[in-house]
Amino acid sequence: MRLLNKIPLRLRLTVLTAVVLTVICVLLTMSSVFTARQMYAVPAEEFNLSTSPTNPSMKHPPDNAMMPTSYTTDETNNNFTYASVVYMFIMIVLGTGTSYFIAGKALKPVADLSKRIETIDESKLFQRLEGFDSNDEVARLAASFNQMIRKLERSFTHQKQFAANAAHELKTPLAGMIANIEVLQLDKDPSVQEYKEVLDDTLTNAQRLSTLVYDLLKMNNAMNADVCESFDAKEMFDDIIFALSEDRKVKNVRVKNHVSDIMLFGEKALLQRAFFNLVQNAVKYNKTNEEVVITAGRNEDSVAIHIKDNGIGIPEEELESIFEPFYKVDPSRSRESGGSGLGLSIVKTIIEKHNGEIVFESEMNVFTKVTVVLPKN
Ligand code: ADP
C-alpha cells in the first residue's frame, strides 16, 4: 500500500482496477469451468449408470460407443477451460488498458489544474484560476485555491505596505538627526547653545526611534504568545493606572476604575499591554482636567470592558482606519505625544488573537469610548 502511494494517481487507479478485474475474472472463470465440468460429466455418469448390472432393464449400448463419449467429454472440458483462461487474460488486459485510458481522461482536469497552479508564484499573486466552471470537485478545488491566493495577495500587500510605512517612520527621525548634525558641522564656530539645541533634537528623534522599534517588537511578540490564564481585571487596571502616573500628570487627567468582580481569561501580559495602550490613548488624547472612566459588564459567555474619555474624539470616517499600522488621525498631535501609530494595530492583533472584538465610538470634541468584548474562556 505504501508503494502504491508513491506512484502517480493515474497508475494507482489502473493498478487497483486491474487487481479488482483480475479477482473477478479469475472467480468467474473458475465458476464457469467448474459448472461446465459438472454439466459435461452428467451424460458420462448416466451412461456408466446405465451400463451397471444393478440396472439390467436398461438397454446396453454397443461396447465401442462407451469409450468415445468419455473421451469427448474430457476433451470438451479441457478445450472449454483453455478457452476460458485465454479469454480471461484478454479481458484483464483489455480492462486494464481501458481503465488506464479512462483514468487519464478523468484526471485530465486535475493535471490541468496542477499545471496552472505551477505557473503562479509570489510575483503573480494577482492571477486567478479561470475556466473551471463545472460543479465538480476540481472546480471546488480551483475555487478554494483562488480564495487562498486572494488571502495571500492581501497579506503580501499588507506586509509590503507595513514594511514601507515602517521604513518611512524610521527614516524621518534619522533624517532629522543627520540634518541637524550636518548643519552643526557647517557652522565653523558653533556656540554651546547650538550644541545643546542639536543634542535636544537628537534626543527627541532617538526617543521616537526607540519607541518605534519597541512597538515593532511588541507587535511581533503579540503574534507569538500562547499561555492562557484567568486573572482579575480590576487589579490589572489598577496596575495600568499606576504605570500611567506620569502621563496622567501632564494633563491632570483622572482615571476611574469602576471594574469589580470581573475575571479575564487569556495571555495576561498581552491583554495587559492591549488595555495599557487603550487607557494610555484615553489619557493622551483627553482634554486637560478631564477624566477617563473604565467600566465592565459580563453575560453568560463574554466579558465587555468599556474605556471612555472626554477628549478630542475621532472623526467618524476614520474610526475603521485607526487600526491600520502607522495610521494617525492627526500626525502632528501623535508626534507631540510620542505615538508611533502602531498602538491600536497591536491592540487589535492581541484582541483578535483572543477571539475578541474591539469597537470605537466617538463624537468629535465630546467623547471616545472603546468597547472590548472577550470570550470568558
Ligand atoms: P499612536 O501611537 O499614534 O497613539 P495609535 O495606534 O494608538 O497610535 O492610535 C492611532 C490614532 O488613533 C492616533 O493617532 C489617534 O489620533 C487616534 N486615537 C486613538 N485613541 C484615541 C482616543 N482615545 N481619542 C482620540 N483619538 C484617539
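## A look at the overall build of the protein chain
No. 1: Regarding its fold elements, the protein chain presents 10 helices and 7 strands.
No. 2: For the protein chain, with 377 residues in total, the buried portion stands at 31%.
No. 3: Once local pairs closer than 6 in sequence are excluded, the contacts in the protein chain between residues at least 24 apart make up 70%.

## Looking at a negative patch on the surface
No. 1: On the surface, Asp189, Glu194, Glu197, Asp200 and Asp201 cluster together into a patch of negative charge.
No. 2: The topology assignment puts Asp201 in helix H5 (residues 192-224).
No. 3: Look at Asp201 and you get partly exposed, because its relative accessible area is 38%.

## Notes on the environment of Val250
No. 1: As for its position among the elements, Val250 is in helix H7 (residues 245-251).
No. 2: Taking the C-alpha atoms as reference points, Val250 and Lys284, 34 residues apart in sequence, are found 8.8 Å from one another.

## Quick look at the nonpolar core
No. 1: Among the nonpolar cores identified, the biggest contains 44 residues, and Phe237, Leu264, Phe275, Leu278, Ile307 and Phe360 are the most heavily contacted of them.
No. 2: For this core, the elements supplying multiple residues, two or more each, are H5, helix H6 (233-243), helix H8 (268-284), strand S4 (291-298), strand S5 (302-309), helix H10 (343-353), strand S6 (357-363) and strand S7 (367-375).
No. 3: Broken down by element, the residue count for this core peaks at 8 residues, all from H8.
No. 4: Once residues lying within four places of it in the same chain are set aside, the contact partners of Phe237 are Asn257, Val259, Phe275, Val279, Ile294, Ile305 and Ile307.
No. 5: Judged by nonpolar contacts, the second largest core, of 10 residues, contains Leu129, Phe132, Ala142 and Phe145.

## A short note on the sheet that holds strand S2 (residues 254-257)
No. 1: Spatially, 5 strands are ordered S2-S4-S5-S7-S6 in an open sheet, and the strand pairing comes out mixed. In the strand order of this sheet, the two ends are held by S2 and S6, each with one partner. Strand-to-strand twist in this sheet, taken as the mean axis angle between neighbours without regard to direction, amounts to 15 degrees.
No. 2: Summarising the sheet, S2 and S4 pair through 4 bridges and their orientation is parallel. For Asn257, the partnering residue across the bridge sits in S4 and is Ile294.
No. 3: Along the sheet, H6 contacts S2, S4 and S5; its crossing angle with S2, the most-contacted strand, is approximately 170 degrees.
No. 4: Those strands touched by H8 are S2, S4, S5, S6 and S7, and its axis lies near 25 degrees from that of S5.

## Quick look at the packing of aromatic side chains
No. 1: The final tally for this structure, using the stated rule, is 3 aromatic pairs.
No. 2: Ring geometry for Phe237 versus Phe275: centroids 5.3 Å apart, planes at 65 degrees, classification edge-to-face. Placement of Phe237 in helix H6 and of Phe275 in helix H8 is noted, with a sequence separation of 38 residues between them. Neither Phe237 nor Phe275 differs from the other in exposure class; each is buried.
No. 3: With 5.7 Å between their ring centres and 70 degrees between their planes, Phe323 and Phe360 make a pair best called edge-to-face. Taken together, the positions of Phe323 in the loop between S5 and helix H9 (331-336) and Phe360 in strand S6 put the pair 37 residues apart, joining distant regions of the chain. Take Phe323 and Phe360: they sit in the same class, and that class is buried.
No. 4: The lysine or arginine in question, Lys308, covers the ring of Phe367, its NZ or CZ lying 5.2 Å from the ring centre.
No. 5: For Lys348, the ring lying beneath its charged end belongs to Phe323, and the centroid distance is 4.9 Å.

## With respect to the confidence of the model for the protein chain
No. 1: For the protein chain, per-residue confidence averages 86 on the pLDDT scale, and 88% of positions sit at 70 or higher.
No. 2: Under a pLDDT of 50 for its full length, residues 50-67 has, in the predicted model, 9 contacts with residues more than four places off or in other chains.

## Side note on the packing of H6 against H8
Packed helices, taken two at a time, are described by the angle between their axes plus the distance between the axes.
No. 1: It is at 10 Å that the axes of H6 and H8 come closest, and there the two elements cross at 50 degrees. Here H8 runs oblique to H6, going by the angle between their axes. Crossing handedness for the pair H6 and H8: right-handed. In this structure, H6 uses Met236, Phe237, Asp239, Ile240 and Ala243 to contact H8, whose residues at the interface are Leu271, Gln272, Phe275, Phe276 and Val279.

## Some details on the packing of H8 against H10
No. 1: Running from N to C, H8 and H10 cross one another at 140 degrees; their axes reach a closest spacing of 9 Å. By the angle between their directions, the pair H8 and H10 is classed as oblique. Along this stretch, H8 crosses H10, giving a crossing that reads as left-handed. Residues Leu270, Leu271, Arg273, Ala274, Asn277, Leu278 and Asn281 of H8 lie in contact with H10, whose contacting residues are Gly343, Leu344, Ile346, Val347, Ile350, Ile351 and Lys353.
No. 2: Taken together, the residues of the contact of H8 with H10 sort by class into 9 nonpolar, 3 polar and 2 charged.

Cut-off values and rules
- Residues numbered from 1 in each chain as written.
- Predicted model: local features only at pLDDT ≥ 70, side-chain atom pairs only at ≥ 80, totals over all residues.
- Heavy atoms only, no water.
- Helix = DSSP H or I, 4+ residues; strand = E, 2+ residues; numbered from the N terminus.
- Buried < 20%, exposed > 50% of the residue type's maximum accessible area, 1.4 Å probe, protein only.
- Contact = heavy atoms within 4.5 Å.
- Patch = residues over 30% accessible without salt bridge, like charges linked within 9 Å, V, L, I, M, F, W, Y side chains within 5 Å.
- Areas by Shrake-Rupley, 256 points an atom, 1.4 Å probe, with all protein chains shown as cover.
- Salt bridge = Lys/Arg side-chain N within 4 Å of Asp/Glu carboxyl O.
- Lys, Arg positive; Asp, Glu negative; His and termini not counted.
- Charge placed at Lys NZ, Arg CZ, Asp CG, Glu CD.
- Core = buried A, V, L, I, M, F, W, Y, C linked by side-chain atoms within 4.5 Å.
- Pairing = 2+ DSSP bridges.
- Axes fitted to C-alpha atoms, helices over the stretch in contact; angles between N-to-C directions.
- Phe/Tyr/Trp six-rings, centres within 6.5 Å; stacked < 30°, edge-to-face > 60°.
- Lys NZ or Arg CZ within 6 Å of the ring centre and 35° of its normal.
- pLDDT = per-residue confidence, 0-100.
- Parallel < 35°, antiparallel > 145°, perpendicular 65-115°, else oblique.
- Left-handed = near helix turned anticlockwise from the far one by under 90°.
- Nonpolar A, V, L, I, M, F, W, Y, C, P; charged D, E, K, R; others polar.

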